[in-house]
Amino acid sequence: MKPSKNILPIIVIAQFCCTSLWFASNAVMSDLVLHFNLNPNAVSYLTSAVQFGFILGTLVFALLAVADRFSPSKVFLISALLGAACNLGILWDGNNLASMLSIRFLTGFFLAGIYPVGMKIAADYFEKGLGKSLGFLVGALVLGTAFPHFLKGMTSGLPWELVILCTAGLAILGGLMMVFLVPDGPFRKPSQGVNINAFFGIFKNKNLRTAAFGYFGHMWELYAFWAFVPLMLKTYTSLHTETQFNIPILSFTIIGIGGLACVLSGYLSESFGTKKIATIALLLSCVCCLISPLLFTQPSAILFIAFLLFWGMAVVADSPLLSTLVAQNAPAEVKGTALTLVNSIGFAITIISIQLISGLQLLTNSSLIYFCLAIGPIFGLLALRQKNKRQ
């Protein structure tokens, strides 16, 4: 059965709305620091709290095969509503660092029922052209992740609480769209129950393992880059005092342009192969990591922004393609579990890289610290060099 032409746009819009929860606190971080008297280093802790929550959530969802046993659209809605409720918890005046970490942890937990479940829903509708479909879907994640920065830039001078309210409202809207407009897909094969053997046996598949390791390398770089884009812009202005940036809007643009790259890579994969385009994107982002320290020292602000825009595209262009390879090589009845488990491990890796960069910043002001981000792409490229039976 051929899916309706409206299905993919609805999934994409719903994914965009709900993933705006991800960086909601990052966009208003300076306001949170002042309002709740937080340590300026709270950005790394709060970002990592979301990642920790997402990791635990994906492990629970994968172990219990939630997206395979129950209607994915209903799982998406419930997760969106609970995630929005947690996000609104940021507005409580009695918050301190501990309560904020708890709130962001729970937000991350419920995002586990949004991002990988959204990919599962797309995979249930599109067996052919999955790379292109996931390109749009991950593009929506990128725009959703960047959108709070845009909201902050556009509401400058207005209360910071507006950003939190808007992102929570969007998440509720996205969940309702999914459950009412996207029924279970024609290629869905419900699991009969919890299958512990399937959970632990997923990586026995060599093709899936290769794709997963490539994804893990990609994730080492991705969220660390996104988390520190505002700081990169601030660092450049401190080194070149004559330069002034609108950091929220530029952060949105640099992160958000990755959505376009995801769509483009999805189309290119249909002509040149999924694995090949993913490898090229991973190589380009690796080069960006290695040359980034040079760009901080050169005097042209335009060149610096152009570089970050290119990096913002390269850093995420491989994401939908690597997820496509995982989905294509996973048995249909555990496809949701495989996608969720691979996401869980990938996001666990992001915590290490984010905390590493944050720790290095306490030791040195040198932009050489971004060399460390190249570790992941190098590992991913080595994994993707392995010969697989089928791509």
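Residues numbered from 1 in each chain as written. Predicted model: local features only at pLDDT ≥ 70, side-chain atom pairs only at ≥ 80, totals over all residues. Heavy atoms only, no water.

- Going by the annotation in an unreviewed UniProt entry, the name recorded for the protein is MFS transporter, with Flavobacterium muglaense given as the source organism.

### Focus on the overall build of the protein
Point 1. Helices and strands together make up the secondary structure of the protein, namely 18 helices and zero strands.
Point 2. In terms of overall size, the protein behaves like a compact globule, its C-alpha atoms giving a radius of gyration of 20 Å where 391 residues would be expected to give roughly 21 Å.
Point 3. Its C-alpha atoms give the protein principal-axis dimensions of about 60 × 45 × 35 Å.
Point 4. Burial analysis of the protein (391 residues in total) assigns 60% to the buried set.
Point 5. Sequence-distant contacts, at least 24 apart, represent 85% of the contacts inside the protein between residues at least 6 apart. (Helix = DSSP H or I, 4+ residues; strand = E, 2+ residues; numbered from the N terminus. Rg over C-alpha atoms; globule rule 2.2 N^0.38 Å. Buried < 20%, exposed > 50% of the residue type's maximum accessible area, 1.4 Å probe, protein only. Contact = heavy atoms within 4.5 Å.)

### Concerning the pattern of salt bridges
Point 1. Per the counting criterion, the structure on display carries two salt bridges.
Point 2. For aspartate 124, the salt bridge identified is with lysine 120, shortest N-O distance 3.1 Å. You can see aspartate 124 and its partner lysine 120 sitting in helix α8 (residues 115-125), four residues apart, about one turn around the helix. (Salt bridge = Lys/Arg side-chain N within 4 Å of Asp/Glu carboxyl O.)

### As for the packing of aromatic side chains
How two aromatic rings sit relative to each other is given by the distance of their centres and the angle of their planes.
Point 1. Scanning the entire structure with this criterion turns up 23 aromatic pairs.
Point 2. Between the aromatic rings of phenylalanine 109 and phenylalanine 110, the centroid separation amounts to 5.4 Å while the plane-to-plane angle is 85°, which identifies the pairing as edge-to-face. Phenylalanine 110 matches phenylalanine 109 in its accessibility class, with the two residues each being buried.
Point 3. Summarising the aromatic geometry, the rings of tyrosine 223 and tryptophan 226 are spaced 4.9 Å apart at their centres and angled 70° between planes, so their arrangement reads as edge-to-face. Taken together, the positions of tyrosine 223 and tryptophan 226, both in helix α12 (residues 206-239) and three residues apart, correspond to about one turn of that helix. This pair shows no difference in class: tyrosine 223 is buried, exactly as tryptophan 226 is.
Point 4. Among the aromatic side chains, those forming a connected cluster through ring pairs are Trp22, Phe23, Phe54, Tyr115, Tyr223, Trp226 and Phe347. (Phe/Tyr/Trp six-rings, centres within 6.5 Å; stacked < 30°, edge-to-face > 60°.)

### What to know about the state of the cysteines
One covalent bond between the sulfur atoms of two cysteine residues makes up a disulfide.
Point 1. Counted under the stated rule, the structure contains zero disulfides.
Point 2. Not engaged in a disulfide, the cysteine cysteine 86 finds its nearest cysteine sulfur in cysteine 18; these two sulfurs lie 13 Å apart.
Point 3. Relative accessible area serves as the criterion here: at 14%, cysteine 86 is assigned to the buried category.
Point 4. Its sulfur unpaired, cysteine 289 is 6.1 Å from the next cysteine sulfur, which belongs to cysteine 286. (Disulfide = S-S within 2.5 Å.)

### Some words on the confidence of the model for the protein
Reading predicted coordinates in detail is not appropriate for stretches of low pLDDT.
Point 1. Per-residue confidence for the protein gives a mean pLDDT of 87, with 91% of residues at or over 70.
Point 2. Within the protein, the element-level pLDDT minimum falls on helix α11 (residues 196-201), averaging 61, and the maximum on helix α15 (residues 301-317), averaging 96. (pLDDT = per-residue confidence, 0-100.)

### Focus on the nonpolar core
Point 1. With 127 residues, the main nonpolar core has Trp22, Tyr223, Trp226 and Trp311 as its most contacted residues.
Point 2. Apart from residues no more than four positions distant in its own chain, tryptophan 226 is found in contact with Phe23, Val142, Thr145, Ile255, Val315 and Val316. (Core = buried A, V, L, I, M, F, W, Y, C linked by side-chain atoms within 4.5 Å.)

### Examining the packing of helix α13 (residues 247-272) against α15
Point 1. The N-to-C vectors of α13 and α15 enclose an angle of 45°; their axes lie 7 Å apart at closest approach. It follows that α13 is oblique to α15 by the angle criterion. Two packed elements cross with a definite hand, and for α13 against α15 that hand is right-handed. For the pair formed by α13 and α15, the contact residues are Leu250, Thr253, Ile254, Ile257, Gly258, Ala261, Cys262 and Ser265 on the first element and Ile305, Leu308, Leu309, Gly312, Met313, Val316 and Ala317 on the second.
Point 2. Residues of the contact of α13 with α15, tallied by class, amount to eleven nonpolar, four polar and no charged. (Axes fitted to C-alpha atoms, helices over the stretch in contact; angles between N-to-C directions. Parallel < 35°, antiparallel > 145°, perpendicular 65-115°, else oblique. Left-handed = near helix turned anticlockwise from the far one by under 90°. Nonpolar A, V, L, I, M, F, W, Y, C, P; charged D, E, K, R; others polar.)

### A short note on the packing of helix α14 (residues 274-297) against helix α16 (residues 319-328)
Point 1. Two elements in contact, α14 and α16, have axes whose closest approach is 9 Å; the angle formed by their N-to-C orientations is 145°. Seen from above, α14 lies across α16 with left-handed handedness. Listed contacts from α16 to Thr274, Lys275, Ile277 and Ala278 of α14 are Leu321, Leu322, Thr324 and Leu325.
Point 2. Grouping the amino acids of the contact of α14 with α16 by side-chain chemistry returns five nonpolar, two polar and one charged.

### Examining the environment of glycine 258
Point 1. For glycine 258, the location among the structural elements is in helix α13.
Point 2. Considering only alpha carbons, one finds glycine 258 and leucine 143, 115 residues apart in sequence, at a separation of 7.8 Å.
Point 3. Residues contacting glycine 258, with those up to four places away along its chain left out, are Val142, Gly312, Met313 and Val316.

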